[in-house]
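Below, each chain spelled out in residue letters.
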Amino acid sequence: MQLGIALQYFPPDGQSAPVTVHLSTDPDLIALFRERCLKAAVDRRRCSLDPVARLIEGAEEERLHKVLDSLVPERREANR
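Residues numbered from 1 in each chain as written. Predicted model: local features only at pLDDT ≥ 70, side-chain atom pairs only at ≥ 80, totals over all residues. Heavy atoms only, no water.

J.: Sorry, what's going on with a nonpolar patch on the surface here?
T.: Taken together, the side chains of L7, Y9, V19 and V21 define a hydrophobic patch exposed on the protein surface, amounting to about 390 Å² of accessible area. Where the nonpolar patch is concerned, the elements lending two or more residues are β1 (5–9) and β2 (19–24). You can see V21 is positioned in strand β2. (Patch = residues over 30% accessible without salt bridge, like charges linked within 9 Å, V, L, I, M, F, W, Y side chains within 5 Å. Areas by Shrake-Rupley, 256 points an atom, 1.4 Å probe, with all protein chains shown as cover. Salt bridge = Lys/Arg side-chain N within 4 Å of Asp/Glu carboxyl O. Helix = DSSP H or I, 4+ residues; strand = E, 2+ residues; numbered from the N terminus.)

Spelled out as structure tokens, the structure:
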């Protein structure tokens, strides 16, 4: 299995197909994306003022962590 990450532009008309600006299979870039996604999920949960929203964000954070753990291995310190 090979993973790739894409930067896409979505035209504002809402009807045109998205345009891929860049596609990369660089493992360091994918690992960095993984780290940033998980940090964003943690930040969303921590910033939730409503207890129900915090519970939902926590469940989403856990789901995202499981999916990313199965697809993208953590970077080792030597690779940073």
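Moving on from the coordinates now.
J.: Please explain the nonpolar core as it appears in this structure.
T.: In summary, soluble globular proteins display a tendency toward joint burial of nonpolar side chains. One finds C37, L38, A41, L64 and L68 forming the largest nonpolar core, which totals five residues. At the level of secondary structure, the elements contributing two or more residues to this core comprise α1 (27–47) and α2 (51–71). Apart from residues no more than four positions distant in its own chain, L68 is found in contact with R34, C37 and L38. (Core = buried A, V, L, I, M, F, W, Y, C linked by side-chain atoms within 4.5 Å. Buried < 20%, exposed > 50% of the residue type's maximum accessible area, 1.4 Å probe, protein only. Contact = heavy atoms within 4.5 Å.)

J.: Help me understand α2 in this model?
T.: In an α-helix, one turn spans 3.6 residues; hence positions three or four apart end up facing the same way. Taking 1.5 Å of rise per residue, 21 residues should cover 30 Å, and α2 covers 30 Å from first to last C-alpha, within 8% of that figure. Burial in α2 covers these residues: E61, L64 and L68. When α2 is viewed along its axis, its buried side chains cluster within an angular range of 70 degrees and face the same direction. In α2, those exposed residues whose orientation departs by more than 90 degrees from the buried face are P51, V52, L55, I56, K66 and S70. Packed against the buried residues of α2 are α1. Among the residues of α2, the N-terminal cap falls to D50, whose side-chain oxygen and the backbone nitrogen of V52 are separated by 3.0 Å. (Expected span 1.5 Å × (residues − 1). Arc of directions from axis to C-beta. Polar contact = N/O pair within 3.5 Å; in protein donor to acceptor, adjacent residues only side chain to side chain.)

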